[in-house]
Amino acid sequence: MSEFAKRFQQVLGIRISPCYDALLTHHNEQLSADPLAEPGWIPGVGNADFAIGTTQTFREMFPQFSRHWLIIGMEGKRTIEKINEQIDIYVALDVRDDSIHLVDSLGKAWKEADHFRDWLAHKLARALWERTHDSHLFVIGDKTEAVIRTLREQLVAWHRQGVVDVEGMLILHRDDQGRLSLQHAQYSGLKETAGSIAGLLVGSLLFHPVLGAVLGTVTGAAAAGRRFSLSHVGIDDEFVKQLACAVLPGMWALVVVLRHAKVKDMMETLRKSGGTVLVTSLSKRGEERLRAALASPGSDPRG
């Protein structure tokens, strides 16, 4: 029996499964003691201290809480509409069959997955994916220029405060005649030249073959006039189609590239502006290909 297995047995009277034991043995130091506020390597999964302490708290708060359940992480929050308040959602492991359940801070529970192994595989895949996709492109579309410019000011303030890491930012406008223009946000500390990744991404999207007939002619710093397929740099066609719909005549859009962003939280924050919010990711290798493709007129992004 491992040291972790002995500890859970002694403190909680629970015999943990080999799968969960293996996770702690190999990754406990990379897991978080507060997985919602300070996510560790595997999103939402807490370390052994978190699991023991939170399980003890649940047992004290809810007498009916199963003695076979172990709180191993946090899934996020949900809003109770009647009182308009958010409550925490926790992840519980049933040690009898290794099934996964979600339970809120009021004690209400529901099943999430049949087996811990399958649930963890999804979490691990996401963690590994995020390690290789650290840039995210957000596009926020709205009919009102004021909304877009106010949101830009907010993101700049967050960047200066260290809340977000803005790699680049652009304002896009399509007039009633279908003409597109790009405006770089003029702030020190941000990469606003045509060579920034924001400029490269927007330029590539606007000159994508699928968008050529839809989006029309672009003017501005990123209008390099080069065309190539984006599938080879990790941007799927669905995002491209959504972008076309978000930049209809008369629309304004804010295009932001963030590094190391908490995508789910950022999506929720940006949606509060009332505009349409799109997001896609770009792998490090894909970003390199994109830079190379736009740097050389005759180059092929497929490498």
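Given the structure is predicted, the values throughout are model-derived calculations rather than measurements. (Residues numbered from 1 in each chain as written. Predicted model: local features only at pLDDT ≥ 70, side-chain atom pairs only at ≥ 80, totals over all residues. Heavy atoms only, no water.)

1. A short note on the overall build of the protein chain
Okay, so step 1: Across its full length, the protein chain carries 10 helices and 10 strands.
Okay, so step 2: Put simply, the protein chain has 303 residues, and 50% of those count as buried.
Okay, so step 3: Accessible surface for the protein chain amounts to roughly 15100 Å². Of this, 50% is attributable to carbon and sulfur atoms. (Helix = DSSP H or I, 4+ residues; strand = E, 2+ residues; numbered from the N terminus. Buried < 20%, exposed > 50% of the residue type's maximum accessible area, 1.4 Å probe, protein only. Areas by Shrake-Rupley, 256 points an atom, 1.4 Å probe, with all protein chains shown as cover.)

2. Considering the pairing of strand β2 (residues 85-94)
Okay, so step 1: With respect to burial, β2 is a largely interior element, eight of its 10 residues being buried.
Okay, so step 2: When strand β1 (residues 69-80) meets β2, the two strands line up antiparallel, connected through 10 bridges. In the sheet register, Lys77 faces β2, and the bridge partner there is Asp88.
Okay, so step 3: From the end of β1 to the start of β2, which pair antiparallel, there are four residues, and Asn84 there has a positive phi angle of about 55°.
Okay, so step 4: The pairing of β2 with strand β3 (residues 99-104) spans six bridges and is antiparallel. In the strand pairing of β3, Val91 is matched with Leu102. (Pairing = 2+ DSSP bridges.)

3. Brief notes about the nonpolar core
Within soluble globular proteins, side chains that are nonpolar tend to cluster in buried spots.
Okay, so step 1: Grouped together as the largest cluster of nonpolar side chains are 28 residues, with contacts concentrated most on Phe8, Tyr20, Leu70, Ile72, Phe116 and Trp119.
Okay, so step 2: Secondary structure elements with two or more residues in this core: α1 (3-12), α2 (18-27), α3 (48-61), β1, β2, β3 and α4 (116-132).
Okay, so step 3: Looking at this core element by element, the count peaks at four residues for α1.
Okay, so step 4: Contacts of Tyr20, omitting those with residues within four sequence positions, involve Phe8, Ala51, Leu70, Ile72, Leu93 and Phe116. (Core = buried A, V, L, I, M, F, W, Y, C linked by side-chain atoms within 4.5 Å. Contact = heavy atoms within 4.5 Å.)

4. Remarks on unusual backbone geometry
Okay, so step 1: Here Asp98, not a glycine, exhibits a phi torsion of approximately 65°, which is positive.
Okay, so step 2: Along the chain, Asp98 turns up in the loop between β2 and β3.

5. Points about α2
Okay, so step 1: Of all the residues in α2, the buried ones are Tyr20, Asp21, Leu23 and Leu24. Projected down its long axis, α2 carries its buried residues within an arc of 155°, all on one side. Away from the buried face of α2 by more than 90 degrees, exposed residues Pro18 and His26 are located. (Arc of directions from axis to C-beta.)

6. Brief notes about the packing of α1 against α2
Okay, so step 1: Where α1 contacts α2, the two axes come as close as 9 Å, and the packing angle between them is 115°. Residues Phe4, Ala5 and Phe8 of α1 form the contact with α2, whose participating residues are Tyr20, Asp21, Leu24 and Thr25.
Okay, so step 2: By residue class, the composition of the contact of α1 with α2 is five nonpolar, one polar and one charged. (Axes fitted to C-alpha atoms, helices over the stretch in contact; angles between N-to-C directions. Nonpolar A, V, L, I, M, F, W, Y, C, P; charged D, E, K, R; others polar.)

7. Looking at the confidence of the model for the protein chain
Predicted coordinates in areas of low pLDDT are best not read in detail.
Okay, so step 1: Confidence in the prediction of the protein chain, expressed as mean pLDDT, is 75, and 68% of residues score 70 or more.
Okay, so step 2: Under a pLDDT of 50 for its full length, residues 191-196 has, in the predicted model, 15 contacts with residues more than four places off or in other chains.
Okay, so step 3: Considering only residues more than four positions removed or in separate chains, one finds that residues 207-230, a stretch of pLDDT under 50, has 60 contacts. (pLDDT = per-residue confidence, 0-100.)

8. What about the packing of aromatic side chains?
Okay, so step 1: Applying the stated criterion across every chain, the model contains seven aromatic pairs.
Okay, so step 2: Note on Phe8 and Tyr20: the rings are 5.9 Å apart at their centroids and 75° apart in plane angle, and the pair reads as edge-to-face. Taken together, the positions of Phe8 in helix α1 and Tyr20 in helix α2 put the pair 12 residues apart, joining distant regions of the chain. Each member of the pair Phe8 and Tyr20 is classed as buried.
Okay, so step 3: For the ring pair Tyr20 and Phe116, a centre distance of 5.7 Å and an interplane angle of 85° mean the geometry is edge-to-face. (Phe/Tyr/Trp six-rings, centres within 6.5 Å; stacked < 30°, edge-to-face > 60°.)

9. Some words on α1
Okay, so step 1: Looking only at α1, the buried set comprises Phe4, Ala5, Phe8 and Leu12. Burial along α1 is one-sided: seen end-on, the buried residues are contained in an arc of 100°. What points out from α1, more than 90 degrees from its buried face, is the exposed set Glu3 and Gln10.
Okay, so step 2: The inward-facing, buried residues of α1 contact α2, α3 and β1.
Okay, so step 3: One or two steps after α1, the chain reaches Gly13, where phi turns positive at roughly 70°.

10. Observations regarding the pairing of β3
Okay, so step 1: With six of its six residues buried, β3 lies for the most part within the structure.
Okay, so step 2: Burial of β3 is two-sided: the residues Ser99, His101 and Val103 facing one way and the residues Ile100, Leu102 and Asp104 facing the other way are all buried.
Okay, so step 3: Hairpin connection between β2 and β3: a loop of four residues separates the two successive antiparallel strands, and Asp98 in this loop has a positive phi of roughly 65°.
Okay, so step 4: Across four bridges, the pairing between β3 and strand β4 (residues 109-113) is antiparallel. Each residue of the ladder has a partner; that of Leu102, found in β4, is Trp110.
Okay, so step 5: Adjacent in sequence and paired antiparallel, β3 and β4 are bridged by four residues, among which Gly107 carries a positive phi angle near 95°.

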